[in-house]
Protein chains: 2
Amino acid sequence: MSTSPLRDFVVAVTREVERDAAEAQRLAAVRAHLARLVARDDWLPDELAQPHPQHYRQYLLHADPLERFSVVSFVWGPGQRTPVHDHTVWGLIGMLRGEEVAQNFAYDAAGCLVPTGPAQRLRPGDVEAVSPTLGDIHQVSNAFDDRSSISIHVYGANIGAVHRWVYAPDGTRKPFVSGYSNTWVPNLWDRSKETT
Amino acid sequence: MSTSPLRDFVVAVTREVERDAAEAQRLAAVRAHLARLVARDDWLPDELAQPHPQHYRQYLLHADPLERFSVVSFVWGPGQRTPVHDHTVWGLIGMLRGEEVAQNFAYDAAGCLVPTGPAQRLRPGDVEAVSPTLGDIHQVSNAFDDRSSISIHVYGANIGAVHRWVYAPDGTRKPFVSGYSNTWVPNLWDRSKETT
Ligand SMILES: [Fe+3]
Ligand SMILES: [Fe+3]
Ligand SMILES: [Mg+2]
């Protein structure tokens, strides 16, 4: 197994954030790169694909040092789900393995947080977007009760440092910073064995 | 132990390589950041400080995704040394732990590679430079036969991908790409526990 598809993705997104671009253009560009990354499932190190028995895990794959973007593997064990939460920055979700179900939420005229639109089911290769512009509050579940699912997320910040919110059914919200489940990230940069 | 001094260094050097600068200005800026990093020895993870019984090790600490710079911990076991070698890009060597001895080489008028100037001894906190402009060929040794020494190197490229040279005593040279001793690098980016 080679992590070079992940390296190629990191390089492409770094080049993208080096350019000035409006959010819609940026999302379109990163979406195309992410679609290419999740079109194959032969590059994620096993160490970053392990579920936790009690709760989902978020493993950092790469953080831009200027915190313009970050890439994580989001790993659900059987039947696990997130609380209703927001992001405060743009995000793209590329389904790698298994399937997940996402339900968007928004405030109604009475100030209540309610589901909007049908739940969406993501299958391997699918890519979806969130952002404060597009709709930023959702709840995501593993579609399966009997196996893990994994999606690759890209956020427009270091998501391990972003102050954001979890929403309770009664409409109240609590602050959180998600952090990361791993203390080591893959070394993508040994190119000594490449043929020239 | 916190790796945050390494993160601060990576951020500072990334900001530096984002600016246009002549080599002398770049080296002066990075030298100041590296001097600050090696002024303390409380941040290098133990996993990246382990010597190998037979040969020195080069652990990647961070690679810029656009390969404008890389940072490594260079770990000598007792009595170990490098062959005579070059870099082809600028490099800065900051002594972290123990001591090392560096001898520069250059070609003389007859085309022979000969030592130039006295050997230099680096002590914790010292920073030295190499580059094709300043003198790029040297041999470096652990100053000690009875313990490890560690220096932190910054190069103006992904040194795990640079095609460079090792020089034999008879003046012939062989190509090499150094690669890295580690397949995982530290996750510097979990800021969820920081107080705001
Ligand atoms: Fe989300
Ligand atoms: Fe060297
Ligand atoms: Mg589809």
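Here, the structure is the one placed above.
Since the model is a prediction, treat every value here as computed from it, not as a measurement.

Undergrad: Help me out: how do you make sense of the sheet that holds strand β2 (residues 70–76) of chain B in this one?
TA: Neighbouring strands of a sheet are bound in pairs by backbone hydrogen bonds; such pairs are parallel or else antiparallel. All names here are of chain B. Spatially, the five strands line up as an open sheet ordered β1-β2-β9-β4-β7, and their pairing is antiparallel. In this open sheet, the two edge strands, each paired with only one partner strand, are β1 (57–63) and β7 (127–130). Averaged over neighbouring strand pairs, the angle between their axes works out to 25 degrees when direction is ignored. Examined bridge by bridge, β2 and strand β9 (residues 149–155) share seven bridges and lie antiparallel to one another. Along β9, the bridge assignment pairs Ser 73 with Ile 152.

Undergrad: Is there a simple way to explain the coordination of the iron ion (ligand 2) in this structure?
TA: When a metal holds four donors in a tetrahedron, each ideal angle between them is 109.5 degrees; when it holds six in an octahedron, the ideal angles are 90 or 180 degrees. All names here are of chain B. Surrounding the iron ion (ligand 2) are the protein donor atoms His 85 (NE2), His 87 (NE2) and His 138 (NE2), which sit 2.2 Å from the metal. We note that the donor set of the iron ion (ligand 2) lies within a single chain, spaced as H-x1-H-x50-H. Taken together, the residues His 85 in strand β3 (residues 84–85) and His 138 in strand β8 (residues 137–142) connect sequence positions 53 residues apart. Of the two residues, His 85 and His 138, neither departs from the other in class, the shared state being buried.

Undergrad: Please explain the relation of the copies chain B and chain A as it appears in this structure.
TA: One copy of the chain maps onto the other through a rotation about an axis followed by a shift along the same axis. Of the transformation superimposing chain B on chain A, the axial component is 0.0 Å and the angular component is 180 degrees, with the fit at an RMSD of 0.0 Å. Here the transformation between the copies is reduced to the relation of a two-fold axis.

Undergrad: Could you clarify how one ought to interpret the interface of chain B and chain A in this entry?
TA: Contacts between the two partners involve 34 residues from chain B and, on the opposite side, 34 residues from chain A. Here chain B meets chain A over a buried area of about 2,800 Å², counting both sides, of which 63% is carbon and sulfur. The largest contributions to the chain B side of the interface with chain A come from B:Pro65, B:Trp184 and B:Trp189, which together make up 27% of the buried area. Connecting chain B to chain A are two salt bridges. Joining chain B to chain A, the criterion identifies 15 residue pairs in polar contact (both at pLDDT 80 or more). Secondary structure elements with two or more residues in the side of chain B that touches chain A: α1 (4–18), β1 and β12 (184–186) of chain B. Classifying every residue of the side of chain B that touches chain A gives 15 nonpolar, twelve polar and seven charged.

Undergrad: Where do I start with the side chain of B:Ser73 in this structure?
TA: Residue and element names in this part refer to chain B. When you line up the elements, Ser 73 lands in strand β2. Residue class for Ser 73 comes out buried when judged on its relative accessible area of 0%. A polar contact of 2.8 Å, which involves the side chain of Ser 73, links it to the backbone oxygen of Leu 48. Among residues more than four places away in sequence, those in contact with Ser 73 are Leu 44, Leu 48, Arg 57, Gln 58, Tyr 59, Leu 61, Ile 150, Ser 151 and Ile 152.

Rules behind the numbers
Residues numbered from 1 in each chain as written. Chains lettered and ligands numbered in written order. Predicted model: local features only at pLDDT ≥ 70, side-chain atom pairs only at ≥ 80, totals over all residues. Heavy atoms only, no water. Pairing = 2+ DSSP bridges. Helix = DSSP H or I, 4+ residues; strand = E, 2+ residues; numbered from the N terminus. Axes fitted to C-alpha atoms, helices over the stretch in contact; angles between N-to-C directions. Donors = N, O, S within 2.8 Å, 3.2 Å for Na, K, Ca; no water. Buried < 20%, exposed > 50% of the residue type's maximum accessible area, 1.4 Å probe, protein only. Least-squares fit on C-alpha atoms with pLDDT ≥ 70 in both. Contact = heavy atoms within 4.5 Å. Buried area = accessible area lost by both parts, 1.4 Å probe. Salt bridge = Lys/Arg side-chain N within 4 Å of Asp/Glu carboxyl O. Polar contact = N/O pair within 3.5 Å; in protein donor to acceptor, adjacent residues only side chain to side chain. Nonpolar A, V, L, I, M, F, W, Y, C, P; charged D, E, K, R; others polar.

Note that all results are geometric; they support no functional claim without further evidence.
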